[in-house]
Every structure is written in structure tokens, then in C-alpha cells.
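Analysis of the macromolecular model
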Amino acid sequence: MPRILSRRAMLAVLVFATSLAGPLAARADSALAAVAANFAETAEALLPAFRETTGHDVQLTIGSTGKLYAQIGAGAPFDLLLSADAATPARLLEDGKAVAGTDFTYAVGRLTLWSTDPDRIGADGRAALKDPDLRFVAIANPDLAPYGVAARETLQSLGLWEVLQPRIVMGQNIGQTNSMVATGAAELGFVALSAVLSPRAGTKGSRWDVPQELFAPIRQDAVLLRHGADNAAAQAFLDYLRTPGAAAVIERFGYGTDG
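These numbers come from a predicted model, not from an experiment. Sequence order as written defines residue numbering, which begins from 1 separately in each chain. For a predicted model such as this one, the threshold for reporting local features is a pLDDT of at least 70, and the threshold for listing and counting side-chain atom pairs is 80 or more; totals across whole chains, interfaces and linings nevertheless cover every residue. Derived side-chain values reflect all non-hydrogen atoms in the structure, with water molecules and hydrogen atoms excluded from consideration.

**Let's talk about helix H9 (residues 232-240)**
Residue exposure (1.4 Å probe, protein chains only): buried if accessible area is under 20% of the type maximum, exposed if over 50%, otherwise partly exposed. Each helix corresponds to a stretch of at least 4 residues labelled H or I by DSSP, and each strand to a stretch of at least 2 residues labelled E; elements are numbered beginning at the N terminus. Within the sequence span of H9, burial applies to Ala233, Ala234, Ala236, Phe237, Leu238 and Tyr240. Of the residues that open H9, the one with a side-chain oxygen 2.9 Å from the backbone nitrogen of Ala233 is Asn231. Polar contact is defined as a pair of N or O atoms within 3.5 Å, subject to the rule that within protein one atom must be able to donate a hydrogen and the other to accept it, and that residues adjacent in sequence are counted only when both atoms are side-chain atoms.

**A look at the sheet that holds strand S5 (residues 111-115)**
Taken in spatial order, the 5 strands of this open sheet run S7-S6-S8-S5-S9, and their pairing is mixed. Here the strands that pair on one side only, and so sit at the sheet edges, are strand S7 (168-171) and strand S9 (206-209). Averaged over all pairs of adjacent strands, the angle between strand axes in this sheet comes to 30°, irrespective of strand direction. Strands qualify as paired when DSSP identifies two bridges or more between them. Of the strand pairs in this sheet, S5 and S9 are connected by 4 bridges, and their pairing is antiparallel. Bridging across to S9, Trp114 finds its partner in Arg207. Sitting on the sheet, helix H7 (residues 174-182) is in contact with S5, strand S6 (137-140), S7 and strand S8 (188-192), with an inclination near 145° to S8. Axis lines are fitted to C-alpha atoms, over the contacting stretch for helices. Their N-to-C directions set the angle, which ranges from 0 to 180 degrees. Note on definitions: a residue-residue contact is assigned when non-hydrogen atoms from the two residues lie within 4.5 Å.

**Focus on the pattern of salt bridges**
A side-chain nitrogen of Lys or Arg and a carboxyl oxygen of Asp or Glu constitute a salt bridge if their distance falls within 4 Å. All chains considered together, the criterion is met by 7 salt bridges. Between Glu187 and Arg135 there is a salt bridge, and its shortest N-O distance comes to 3.4 Å. On the criterion of sequence distance, the pair formed by Glu187 in the loop between H7 and S8 and Arg135 in the loop between helix H5 (125-129) and S6 is long-range, its members being 52 residues apart. Taking relative accessible area as the criterion, Arg135 reaches 45% and is therefore assigned partly exposed. Among the ionic pairs, Arg207 bridges to Asp209, the shortest N-O distance being 2.7 Å. Looking at Arg207, the relative accessible area reads 36%, which means it is partly exposed.

**Focus: the nonpolar core**
Counting residues in hydrophobic clusters, the biggest one holds 58 residues, and the most contacted among them are Phe39, Leu82, Leu129 and Phe190. In terms of residue count, H9 provides more of this core than any other element does, 6 residues in total. Setting aside its immediate chain neighbours within four residues, Phe39 contacts Leu46, Leu82, Tyr106, Ala107, Gln220, Ile250 and Tyr255. By size, the runner-up hydrophobic cluster in this structure holds 10 residues, among which are Leu68, Phe78, Leu81 and Leu92. Residues belong to a common nonpolar core when they are buried Ala, Val, Leu, Ile, Met, Phe, Trp, Tyr or Cys residues joined through side-chain atoms within 4.5 Å.

**As for the environment of Gln235**
Mapped onto the fold, Gln235 is located in helix H9. The exposure class assigned to Gln235 is partly exposed, which follows from its relative accessible area of 30%. Considering only alpha carbons, one finds Gln235 and Ala31, 204 residues apart in sequence, at a separation of 9.0 Å.

**Some points on the sheet that holds strand S3 (residues 80-82)**
A sheet is described by the order of its strands in space; here 5 strands give the open sequence S2-S1-S3-S10-S4, paired in mixed fashion. Either end of the sheet is taken by a strand with one partner, and the two such strands are strand S2 (57-63) and strand S4 (104-109). Put simply, the sheet's adjacent strands are angled 25° from each other on average, direction ignored. By the bridge criterion, 3 bridges tie S3 to strand S10 (residues 218-224) in an arrangement that is antiparallel. Within the sheet, the bridge partner assigned to Leu81 lies in S10 and is Val223. In this fold helix H2 (residues 40-54) packs onto strand S1 (30-36) and S2, with an angle of close to 175° to the strand it touches most, S2.

**Observations regarding the confidence of the model for the chain**
Detailed reading of the predicted coordinates is not advisable wherever pLDDT is low. Per residue, pLDDT captures the predictor's confidence, and it can take any value from 0 to 100. Across the chain, the average pLDDT comes to 89, with 89% of residues at or above 70. Note on residues 1-5: pLDDT under 50 across the span, and 1 contact to partners over four residues away in sequence or across chains.

Okay, structure coming up:
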């Protein structure tokens, strides 16, 4: 015969269950991350496993690193930054806007010269850049985006920066630059390799992966911001970025993780 608990016993069970659930609920938190445009898709791909394994949540705000830095300086309530360079987190630490000792390299960016035309770029991208019929080559704005700095350094290393000035068009971030090439507004563009390897990329076209010796390594650093100093979700996401599982996803999207 089933045993019927007294009202007092039932209340004790409920109190005990609540005491167990309380700490779990308290540990769940949400953070707001400022994410460099080139890493947006990769960050989105990391979130499901992060949410499942930690119980925390992270919301993403995407933009050029330069603009995100300006927003943080103006008081935007971001808890962490995934930068497209190493210099910006360092500046935020100097500004007192980030937590000392929390910066690290989460990815190393790779630059590629890309065209939607499968025959436009051969084994040596220099030939495509020297094509007299070339109308436009797209790069990200070097004043706002580290991939733009890398593109400028590449063209300078090739001796083509001054020559190509009349043909260079700039996107405000690497995402806009990728769109210029994808839509045909520019025949060529220096974009993040991750964008070309993306599962969402509709047209593979042709590409030339820029040799590392032509530009300074694009170390992409993360840092915990002052606003997120006590945010468990922000700290958990930064910790998650350094796990083998996260590294596998990051590498699959075309980045290095040996920074």
C-alpha cells in the first residue's frame, strides 16, 4: 500500500529540493560579449556546446575591433571582448577598462586573397594583383580592422601598395570586405580565411593564402572587461575558449590556436 506523506514531511522534501536547486540556479549567468566581425560565425558555433556544458549564456555584439573599442570607452556594458588583434585588449588594460591578467590569444587569424571567379587567382596571387584589367581590390579599413592592417602590410611587402591605391576599396570591417567580393563589387579582396572556409560560403571561387612572412601575425586576444569582472558567464566563456573542444572548432573555421 502506498505510503502517504504528512503535510509536514512533504514541506520538508520541498525545502530540501529547493536547497539543492538553489545553488545550481545561482551559478547560471549571462554575459554580453563584444566580438570582432571576422570571428562572429565561429563564436556562434561555439555557443551551443558552451551553453550545454556550463549552463551559462553569452550574447554576441558584432563589430570592427576599432568601433568596439570606442563603444567600450564610451561605457557600453560589454563583459568581455574577443578582439581581432592583440593591441586593443592591451590598450583596454592600460585604460583601466579590463581586468589585469585575463588577456590571452584565443585565435591566430589567417589572410587570403579571394575571388568568386574560380579562374582568377592562380598559385601566385601577385599575378592576379598585377592584372591590368583589375578594377577593384577590397581590403578592410586599416584604421579600424587588424585584417586591413595585414592586407596593407602584404601589399607593401609585394611593392604594390602605392601602385594599387586607385583600385583599393575599403570595408569598415572584414565582414563588409568579404561582402564586396561576394557580390562582385570588387574582383579581388583580402579577407579572413575563415570566411572562405565557412559552411555558409556559397561560392568557393579561387584563393591565394597569403604567406605569413608578408604580414605580422594576426594574434586575436580576448580579455575580461571591468563590467564583467564579477560575471560568472563571462569568465566561464573565456575559460571555455582554452579547452581542446573549443580549439577544434576554432581550427575548423580556419584559424590557428598556437598563439
